[in-house]
Each structure stands twice: as structure tokens, then as C-alpha cells.
Amino acid sequence: FTALPVGCSEEIYTWRPLPPSSARLEVLSYATFLPLHGIETTLRAAALLRDDPLHLRLIGSGPALGAMRALAQELNLDNVTFAPPVPPRQLSDAIAAADICLGGHFGAGGKAARVIPGKIYQMLAVGRPVIAADAPGNRELLRHGESAWLLPPTDPQALAEAIRRLAAAPALRARLAVGGHAAYSAQASEAVIGRRLRAVVEQMLS
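Just so it is clear, the structure is predicted and the values come from calculations on it, not from any experiment.

Colleague: Please explain the pattern of salt bridges as it appears in this structure.
Modeller: Opposite charge on two side chains lets them pair, provided their charged atoms get close. Summed over the entire model, instances satisfying the criterion amount to seven salt bridges. One salt bridge connects E202 with R198, and the closest N-O pair in it is separated by 3.0 Å. Taken together, the positions of E202 and R198, both in helix α9 (residues 190–205) and four residues apart, correspond to about one turn of that helix. A relative accessible area of 56% places R198 in the exposed class.

Structure representation (C-alpha cells):
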């Protein structure tokens, strides 16, 4: 078996400059609302940030959407917006409009720890600072403080503190954006995946 990065379409997810600073920062997360995505962790972090000048946009749909909407209502979150799924080009625009992106996975379980979420490749390709779980899968691609901000999964307090820290540090966000894009280009770009796949095929044929 040979593992290749998932990568993303670079025609759609292209590097864009960071948005200009504003009074209220936009934090983006998107998912299909499966348990491994850890949306509950994200919402509980939003509750800890209710007095901060931040807005969390959650794009997607899936099995746990109803439960997560109910949790947001229970927590009385007025800093969170749920949005329906959008086509890839609109998703790329949403990434570009964000100041901080949540890559996850923030849920528990073996798969959540093993995989690199596909959205992380998209966020890095567009050039946004990513907060992600400090898990074996993500550590194959990311380095804490260099290409992403890593933290323990299923920990709302740690996630809230990470969002608050990045929100207060534009230079750190810019450094993570550049470092994350560099990690993507070096390890998971279309060119890199193509070369690795070609090498696998040539080895099989020999």
C-alpha cells in the first residue's frame, strides 16, 4: 500500500492575499457534521468567545446538524451562523474571506486522529492560517507554529484560546498562512501528487 495526499483542485483553491483587518474577525469551519468533525467542540469554544469580536461561520450539512443547531440554541450563541453547503468555487471564496480557518478534526476516535482532513489542503492552498488537531495524521503535514496552530482535539478551552491568540496577532496569522501554503506546495500540491503517483506506477510496472 502507498498513501498519497488528498490535495485539492488548484484551479479552484488558489492563493489569495489575506483580507484587510476589520473590527470583527471571521472564523470559518465547514463539515458534513459527522462525529469525527467535532462540531460540538467548536460550538463550545464559540461559547467561551462570546464576548470577543469574532464571528464563526459554519458551512455544511449532515447527520449531526440538527443536534448542533439545538446545542447552539442551548448555549445562546449569537456569534455563530449556520450556512448550507455551497459549490467548490463559493467555498473557495468563503475561505478567502476568512481571517482564521478551523481544519479539525476536533472529534474523538481513531479515524479523526489518523487522517488529514481534506479541507486542510484547501485552506492551505488558499493561504489562510489554520487551526488543527494535534494528531498523528495532521503531524505528517503540519508543524505547530510554522504551518498551522495545533492543539488537543475535543478541548473547547484550548480551541478558544488558540482562536483568541491568532485573532490578537496579525503577524502570526500571516506567518502561518505563508508557512501553511509552503507546506502544501512542498508536500501535497498537484505537481507533487503527480510525481509521487507516477513513481508508484513506474515501480509497479517494473
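Having seen it, we continue.
Colleague: It is not clear to me how the environment of R89 should be interpreted in this structure. Could you clarify?
Modeller: Locating R89 in the fold gives a position in helix α3 (residues 88–97). With relative accessibility at 47%, the residue R89 sits in the partly exposed group. Put simply, R89 and Y13 are 76 residues apart on the chain and 7.7 Å apart in space, counted from C-alpha to C-alpha. Excluding residues within four positions of it along the chain, R89 makes contact with E11 and I12. Looking at R89, its side chain comes within polar contact range of the side chain of E11, at 3.3 Å.

Colleague: Please clarify how the layout of surface pockets should be interpreted in this entry.
Modeller: Rolling a probe over the atoms, with the probe sized like a water molecule, indicates the empty space that remains. Approximately 300 Å³ is the volume found for the largest pocket. Considering the residues around the largest pocket, the lining is formed by 14 residues, among which L4, P5, I116, Y121 and E140 are closest to the centre. Considered class by class, the residues forming the lining of the largest pocket number nine nonpolar, two polar and three charged. Looking at the second largest pocket, its volume works out to about 250 Å³. Forming the boundary of the second largest pocket are 15 residues, of which Y30, A31, T32, L91 and K119 lie nearest the centre. Those elements giving two or more residues to the lining of the second largest pocket turn out to be β1 (25–31), β2 (54–60) and α5 (118–126). It is α5 that contributes the most residues to the lining of the second largest pocket, three residues altogether.

Colleague: Where do I start with the environment of A167 in this structure?
Modeller: Its place among the elements puts A167 in helix α7 (residues 156–167). Judged by its relative accessible area of 22%, A167 is partly exposed. Along the sequence, A167 and P53 sit 114 residues apart, while their C-alpha atoms lie 9.0 Å from each other. Ignoring any residue separated from it by four or fewer positions in sequence, one finds A167 in contact with L25, L54, I100 and R173.

Colleague: Just to check I follow, could you spell out α9 for this structure?
Modeller: Side chains of residues three or four places apart in an α-helix project in the same direction, reflecting 3.6 residues per turn. Taking 1.5 Å per residue, 16 residues should reach 22 Å; α9 reaches 22 Å between its end C-alpha atoms and fits that length. Taken residue by residue, α9 has V192, I193 and V200 as its buried positions. With its buried residues spanning 100° around the axis, α9 presents them on a single face. More than 90 degrees from the buried face of α9, the exposed residues found are R195, R198 and L205.

Conventions and cut-offs
Residues numbered from 1 in each chain as written. Predicted model: local features only at pLDDT ≥ 70, side-chain atom pairs only at ≥ 80, totals over all residues. Heavy atoms only, no water. Salt bridge = Lys/Arg side-chain N within 4 Å of Asp/Glu carboxyl O. Helix = DSSP H or I, 4+ residues; strand = E, 2+ residues; numbered from the N terminus. Buried < 20%, exposed > 50% of the residue type's maximum accessible area, 1.4 Å probe, protein only. Contact = heavy atoms within 4.5 Å. Polar contact = N/O pair within 3.5 Å; in protein donor to acceptor, adjacent residues only side chain to side chain. 1 Å grid on protein atoms, 1.4 Å probe; cavity = no way out; pocket = protein on both sides within 12 Å on 5 of 7 lines; lining within 4 Å. Points joined across faces, edges and corners; volume = space filled by probe spheres on them. Nonpolar A, V, L, I, M, F, W, Y, C, P; charged D, E, K, R; others polar. Expected span 1.5 Å × (residues − 1). Arc of directions from axis to C-beta.

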